[in-house]
Amino acid sequence: MLSVLQKIIDAILPPRCLLCGNVLNSENGLCETCFAKIRFIGQPYCLHCGNPLPVGENLNGCPQCLNGEFDMFRFLRSRIYYENESKALITAFKFHDKTENAATLARLLYAAGHDIWAAGADVLAPVPLHPSRLRYRKYNQAALLCKELRHLTGLPVNYNDLQRHKKTRPQVECSGNVRKNNVKNAFSVKDKAAFCNKRVVLIDDVMTTGATLNECSKTL
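We now turn to the structure provided with this report. (Residues numbered from 1 in each chain as written. Predicted model: local features only at pLDDT ≥ 70, side-chain atom pairs only at ≥ 80, totals over all residues. Heavy atoms only, no water.)

1. Observations concerning the overall build of the protein
Point 1. Summing up its helical and strand segments, the protein has ten helices and four strands in all.
Point 2. Listing every helix and strand of the protein by position from the N terminus yields α-α-α-α-α-α-β-α-α-β-α-β-β-α.
Point 3. Dimensions of the protein, computed from the C-alpha atoms along their principal axes, are close to 55 × 45 × 35 Å.
Point 4. Across the 220 residues that make up the protein, the buried fraction comes to 41%.
Point 5. Across the protein, the fraction of contacts at a sequence separation of at least 24, relative to all contacts at a separation of at least 6, is 64%.
Point 6. Roughly 12,800 Å² of accessible area belongs to the protein as shown, and the carbon and sulfur atoms make up 52% of that amount.
Point 7. Each charge class in the protein can be summarised by its mean position, and for the 29 positive and 19 negative side chains these summaries are 5 Å apart. (Helix = DSSP H or I, 4+ residues; strand = E, 2+ residues; numbered from the N terminus. Buried < 20%, exposed > 50% of the residue type's maximum accessible area, 1.4 Å probe, protein only. Contact = heavy atoms within 4.5 Å. Areas by Shrake-Rupley, 256 points an atom, 1.4 Å probe, with all protein chains shown as cover. Lys, Arg positive; Asp, Glu negative; His and termini not counted. Charge placed at Lys NZ, Arg CZ, Asp CG, Glu CD.)

Pasting the structure below:
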C-alpha cells in the first residue's frame, strides 16, 4: 500500500508513462497503449539461451546452442524484443540518464527469469563497465537493474568482484565474430571466493549475440 506521503506526492506530481508522458493510474511505468506496443518473447523459445523459435523447432537447443556458441552459461532469458518502443525505453535508460526506467525494466526481467528463480540462485551480478566508461556515463545500467531485482528476488548483489579490466569498443559498433573477439579476455574476478560454489545470475540490459554474457560466464 502507498504511504500517505507517497499519495500526496502522486497527487501533486502524478506518475507518468515512461514513453509517452501520459498520467498513469498505476505504478507500472507504462500506460496501456505503450505497453500494448511492446512485443514480448513467449513460447516457443530455446530452453537454453531463450531465443525465440519457430513452432516445431527443438526447444532443448537452437542451432546456436547445438553448435556450442553458448556453452558457458546454464541458461539465459530475455523478456522483450529490442525494437521500437522497447528500444526507446532502454536507450533512454542506458544513454540519456533516464535511470527511473530501471524499476519497470527490472520487473520485466524478473518475469522473464521465472524458471531461473525457481531453479535456485545465490547472487546477482551486473555485467561490468570499464572504469573509463563508468566515469563517462556516471552509472552502470546493469547495476541499477540488479538493485531493483534485489528487492524482487531477495537475492544479494555483488557489484564489484566481476570486473572489466580491458577497454573494449562498444558492442553496438561490432557485429558477428567481431563481438566475440572484442570482449575476449576482457573480464576478471577480483575476489574469487565471492563467487566460489555459487549460482550467479548475470544481469545486462540488452542481449544481441550473447558474446558478452558468454565471456562473463567463462570468466566466472
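Read on for the rest.
2. Some remarks on the packing of helix H5 (residues 102–112) against helix H8 (residues 141–153)
Point 1. The geometry of H5 relative to H8 is characterised by a closest axis approach of 9 Å and an angle of 60 degrees between their N-to-C directions. With respect to their mutual orientation, H5 and H8 come out oblique. You can see that H5 and H8 cross each other, and the crossing is right-handed. Between H5 and H8, the contacting residues are Ala102, Ala103, Leu105, Ala106, Arg107, Leu109 and Tyr110 on the first element and Leu144, Leu145, Glu148, Leu149, Leu152 and Thr153 on the second.
Point 2. Residue composition of the contact of H5 with H8, by class: ten nonpolar, one polar and two charged. (Axes fitted to C-alpha atoms, helices over the stretch in contact; angles between N-to-C directions. Parallel < 35°, antiparallel > 145°, perpendicular 65-115°, else oblique. Left-handed = near helix turned anticlockwise from the far one by under 90°. Nonpolar A, V, L, I, M, F, W, Y, C, P; charged D, E, K, R; others polar.)

3. Topic: the pairing of strand E1 (residues 123–126)
Every other side chain in a regular strand lies on the same face of the sheet, so the side chains alternate between the two faces.
Point 1. Both faces of E1 are covered, namely the face carrying Val123 and Ala125 and the face carrying Leu124 and Pro126.
Point 2. Where E1 meets strand E4 (residues 200–203), four bridges bridge the pair, whose relative direction is parallel. Bridging from a neighbouring strand, proline 126 pairs with isoleucine 203 of E4. (Pairing = 2+ DSSP bridges.)

4. Here's the deal with the environment of leucine 129
Point 1. Summarising the element assignment, leucine 129 is placed in the loop between E1 and helix H7 (131–137).
Point 2. Between the C-alpha atom of leucine 129 and that of phenylalanine 75, which follows or precedes it by 54 residues, the distance is 22 Å.

5. Examining the nonpolar core
Point 1. Counting 24 residues, the largest nonpolar core has Cys17, Leu105, Leu124, Leu145, Val201 and Ile203 as the members making the most contacts within it.
Point 2. Top element by residues in this core is H5. It accounts for four residues.
Point 3. Residues within four places of leucine 124 in sequence aside, it is in contact with Trp117, Cys146, Leu149, Arg150, Thr153, Leu155, Pro156, Val157, Asn158 and Val201. (Core = buried A, V, L, I, M, F, W, Y, C linked by side-chain atoms within 4.5 Å.)

6. Description of H8
Point 1. Compared with the 18 Å implied by 1.5 Å per residue over 13 residues, the 18 Å span of H8 between its first and last C-alpha is a close match.
Point 2. Buried within H8 are the following residues: Gln141, Ala142, Ala143, Leu145, Cys146 and Leu149.
Point 3. Phi turns positive one or two residues past the end of H8, at glycine 154, with a value near 80 degrees. (Expected span 1.5 Å × (residues − 1).)

7. Brief notes about unusual backbone geometry
Point 1. Going from glutamine 43 to proline 44, the amide bond is cis rather than trans, its omega being 5 degrees.
Point 2. Residue position: proline 44 is located in the loop between helix H2 (32–37) and helix H3 (63–66).
Point 3. With a phi angle near 55 degrees, asparagine 185 is a residue other than glycine that sits in the positive phi range.
Point 4. Turning to its location among the elements, asparagine 185 is positioned in the loop between helix H9 (177–183) and strand E3 (187–189).
Point 5. The phi dihedral of asparagine 197 is positive, around 60 degrees, even though this residue is not glycine.

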